[in-house]
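# Fold and contact review
What follows is each chain in one-letter form.
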2 protein chains.
Amino acid sequence: MRILYHLPLSPQSRQVRLVLAEKRLPYEPKTEKVWENRPEYLALNPAGDVPLLVEENGLSIPNAWVICEYLEEAYPDTPLMGRTLAERVEVRRLMAWFEGKFGHEVSRNLLGEKVDKRLAGRGNPDGTALRAGYANMRFHLDYIGWLAETRAWLAGNMLSMADFAAAAHLSCLDYIGDIDWSKAPAAKDWYARMKSRPSFRSLLNDRVNGFNPPAHYADLDF
Amino acid sequence: MRILYHLPLSPQSRQVRLVLAEKRLPYEPKTEKVWENRPEYLALNPAGDVPLLVEENGLSIPNAWVICEYLEEAYPDTPLMGRTLAERVEVRRLMAWFEGKFGHEVSRNLLGEKVDKRLAGRGNPDGTALRAGYANMRFHLDYIGWLAETRAWLAGNMLSMADFAAAAHLSCLDYIGDIDWSKAPAAKDWYARMKSRPSFRSLLNDRVNGFNPPAHYADLDF
């Protein structure tokens, strides 16, 4: 059986879980406490982070982007990367946007401070980082809303890896109660569509010790 | 004419310059002072960073990774991403390694502190960051040396995007005199091979006001 080493509140792990589910590829999830630096895990993945996908033939594939490119090439039946060169540029541009800009400006400041630090026992959240994260999120939710209002899906006419990258980050932030959906109606409409997909179910069932999601987290009509 | 918006001491820009040259794709380089946040540039590239490639047909492609994937799909004659699924995983794993781990642990600490800060007028280098950068670089040069000694090229039997990603970072660090090659003989041998490629010439001719490279920077027999 295919194995996915992951963490429930890692956006990069959730992105891969969504893509695996959309492509109907079964896998066994294994929680990897990366802060423990298990030697056996570092041997499989020298970068030491999650996610890591290990195929039944033994091929180890680290990094959400590398895994998504691999899954698209190995299992092209449900295409999620666009068809034309221009479509593929736009899908990947937004993947880079959510992983790079959104990841650094929002997720690192909020999830990194509130979740990663506590799990790894690295102290309390830094107030400056939290304030920056909330301020940046407003801008990013507006951008997501603008994309969702002017296109069928974030990258264009087709559901794509860009939607799953964005939804993965937002779903983690929503789990810790950090999204004020009342201020982002267009982004909320798009997220409601994402949330009602069967691929989202396992994310909505996630529960992490010590972190209780708000009541609306798993509610499709939030 | 194809245009590349870049900065001479940006590893991501250099990675794309190397790949364009290897694929023999002519382009007009334009220096973009990203810290000035030119509105015309932000309209082309909302992320506001370099590199940005603009094709003659008007297609704008930001982000080194997105550009490299695009160039491989649009101009496959000189393949640089591997052929089999496993080869492509290894090339992309190392691209992610150099952009992610090396970039964060070494380049951001050294180039970010010494070059980016001065160019943007954001003050003096932080001593803690510099010490971390130098300490991390030793580990990374050993890893590059180990890869180079056990394989023909970093990702395996073929020259690939992984070599250009690594060489792009090292060439910037070498420009500011931050690499002690005497302590990394295996990495040095591999870098000497990279440096002697015709695609490297334009990098070796770079000169940036206020930053003078050491004498060995452009010397193929360093």
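Residues numbered from 1 in each chain as written. Chains lettered and ligands numbered in written order. Predicted model: local features only at pLDDT ≥ 70, side-chain atom pairs only at ≥ 80, totals over all residues. Heavy atoms only, no water.

Put simply, the test is: UniProt positions are given in the numbering used here, feature names are shortened, and annotations may be inferred rather than shown by experiment.
As annotated in an unreviewed UniProt entry, chain A is Glutathione S-transferase from Asaia bogorensis NBRC 16594. Under the UniProt heading Subunit (unreviewed entry), the note attached to chain A is "Homodimer."

### Looking at the confidence of the model for chain A
For clarity, the cut-off: Within a predicted model, pLDDT stands for the predictor's per-residue confidence, ranging from 0 to 100.
In this model, chain A carries an average pLDDT of 97, and 100% of its residues clear a pLDDT of 70 or more. Quick note on the complex model: pTM equals 0.98, ipTM equals 0.97.

### Quick word on the packing of helix α3 (residues 64-74) of chain B against helix α4 (residues 85-119) of chain B
Residue and element names in this part refer to chain B. Here is the rule we go by: The convention used is that axes are lines fitted to C-alpha atoms, helices contributing only their stretch in contact, and that angles between N-to-C directions extend from 0 to 180 degrees. The secondary structure listing takes helices from DSSP runs of H or I that are at least 4 residues long and strands from runs of E that are at least 2 residues long, numbered from the N terminus. The scheme is simple: roughly parallel for angles under 35 degrees, roughly antiparallel for over 145, roughly perpendicular for 65 to 115, oblique for anything else. Each crossing gets its hand from how the near helix is turned against the far one by less than a right angle, where anticlockwise is left-handed and clockwise is right-handed. Working rule for contacts: check all heavy atoms of both residues, and any pair within 4.5 Å makes them a contact. Under the scheme applied here, ten amino acids are nonpolar (Ala, Val, Leu, Ile, Met, Phe, Trp, Tyr, Cys and Pro), four are charged (Asp, Glu, Lys and Arg), and all others, including Gly, are polar.
Running from N to C, α3 and α4 point in directions that differ by 155 degrees, and their axes come no closer than 12 Å. By the angle between their axes, α3 is roughly antiparallel relative to α4. Judged by the sense of rotation from one axis to the other, the crossing of α3 with α4 is right-handed. Contacts from Trp65, Cys68 and Glu69 in α3 reach Arg92, Met95 and Ala96 in α4. Its residues assigned to classes, the contact of α3 with α4 comprises four nonpolar, no polar and two charged.

### Describing the UniProt feature "domain: GST C-terminal" (unreviewed entry) in chain A
Within this structure's numbering, the places UniProt gives as "domain: GST C-terminal" (unreviewed entry) are residues 84-217 of chain A. Helix makes up 67% of residues 84-217 of chain A and strand 0%. Its end C-alpha atoms lie 36 Å apart.

### Concerning the pairing of strand β2 (residues 28-31) of chain B
All names here are of chain B. How we decide: Think of it this way: DSSP has to see at least two bridges between two strands before they count as a pair. Seen with its strands pointing away from the viewer, a crossover is right-handed when the path leading from the first strand over the helix to the second is clockwise.
As defined by bridge partners, strand β1 (residues 3-6) adjoins β2 across four bridges and the pair is classed as parallel. Within the sheet, the bridge partner assigned to His6 lies in β2 and is Thr31. Read as a crossover between parallel neighbours, the route from β1 over helix α1 (residues 11-22) to β2 is right-handed.

### Observations regarding the UniProt feature "domain: GST N-terminal" (unreviewed entry) in chain A
When the UniProt feature table is mapped to this numbering, "domain: GST N-terminal" (unreviewed entry) covers residues 1-79 of chain A. With 37% helix and 18% strand, residues 1-79 of chain A has its two end C-alpha atoms placed 23 Å apart.

### Quick word on unusual backbone geometry
One can expect most non-glycine residues to show negative phi and most peptide bonds to be in trans. As a reminder, the rule being used: Buried residues are those whose accessible area, probed at 1.4 Å on protein chains only, stays under 20% of the maximum for their type, while exposed residues exceed 50% and partly exposed ones sit between those limits.
Going from Val50(A) to Pro51(A), the amide bond is cis rather than trans, its omega being 0 degrees. Its place among the elements puts Pro51(A) in the loop between α2 (39-44) and β3 (52-54). Even without being a glycine, Arg24(B) presents a positive backbone phi close to 55 degrees. When you line up the elements, Arg24(B) lands in the loop between α1 and β2. In this structure Arg24(B) comes out as exposed when scored by relative accessible area, which is 75%.

### Re the packing of helix α6 (residues 161-175) of chain B against helix α7 (residues 185-195) of chain B
Residues and elements named next belong to chain B. Taken N-terminus to C-terminus, the directions of α6 and α7 make an angle of 95 degrees; their axes are 11 Å apart at the nearest point. In terms of their interaxial angle, α6 and α7 are classed as roughly perpendicular. Where α6 approaches α7, its residues Asp163, Phe164, Ala166, Ala167, Leu170, Ser171 and Asp174 are matched on the opposing element by Trp190, Tyr191, Met194 and Lys195.

### Regarding the pattern of salt bridges
Applied cut-off: When a carboxyl oxygen of Asp or Glu lies within 4 Å of a side-chain nitrogen of Lys or Arg, that pair is called a salt bridge.
Taken as a whole and judged by the stated rule, the model has 36 salt bridges over all chains. Close ionic contact of Arg83(A) with Glu87(A) constitutes a salt bridge, the shortest N to O distance being 3.2 Å. Three or more residues joined by partner-sharing salt bridges are found here, namely Glu69(A), Glu73(A), Arg88(A), Arg92(A), Glu69(B), Glu73(B), Arg88(B) and Arg92(B).

### Section: the packing of aromatic side chains
Residues and elements named next belong to chain A. Selection rule: Note on ring pairs: Phe, Tyr and Trp rings are taken, using the six-membered ring of Trp, and paired if centres are within 6.5 Å. Classes follow the plane angle, with under 30 degrees stacked, over 60 edge-to-face and the rest tilted. Working rule: Lys NZ or Arg CZ, within 6 Å of ring centre, within 35 degrees of ring normal, means a charge sits over the ring.
Applying the stated rule across the entire model yields 23 aromatic pairs over all chains. Consider the rings of Trp190 and Tyr191, whose centres lie 6.3 Å apart with planes at 45 degrees: the pair is tilted. With respect to burial, Trp190 and Tyr191 carry one shared label: buried. Through a chain of ring-to-ring contacts, three or more aromatic side chains come together here, namely Trp181, Trp190, Tyr191, Phe200 and Phe222. Looking at Arg118, its charged tip hangs above the ring of Phe211, at a distance of 4.1 Å from the centre.

### Quick word on the nonpolar core
Here is the rule: Take the buried residues of types Ala, Val, Leu, Ile, Met, Phe, Trp, Tyr and Cys, join any two whose side-chain atoms come within 4.5 Å, and each joined set is a nonpolar core.
Of all hydrophobic cores here, the largest spans 140 residues; its most connected members are Leu170(A), Trp190(A), Leu170(B) and Trp190(B). For Leu170(A), the contacting residues outside a window of four places in its chain are Phe102(A), Leu141(A), Ile144(A), Ile179(A), Trp181(A), Trp190(A) and Tyr191(A).

### Examining the sheet that holds β1(B)
Residue and element names in this part refer to chain B. Read across the open sheet, the four strands follow the order β2-β1-β3-β4; overall the sheet is mixed. The strands lining the two open edges of the sheet, one partner per strand, are β2 and β4 (60-62). Adjacent strand axes in the sheet meet at a mean angle of 20 degrees when their direction is disregarded. Where β1 and strand β3 (residues 52-54) come together, three bridges link them in antiparallel fashion. Across the sheet, the residue bridging to Ile3 is Val54, located in β3. Running over the sheet, α3 touches β3 and β4 and is turned about 125 degrees from β4.

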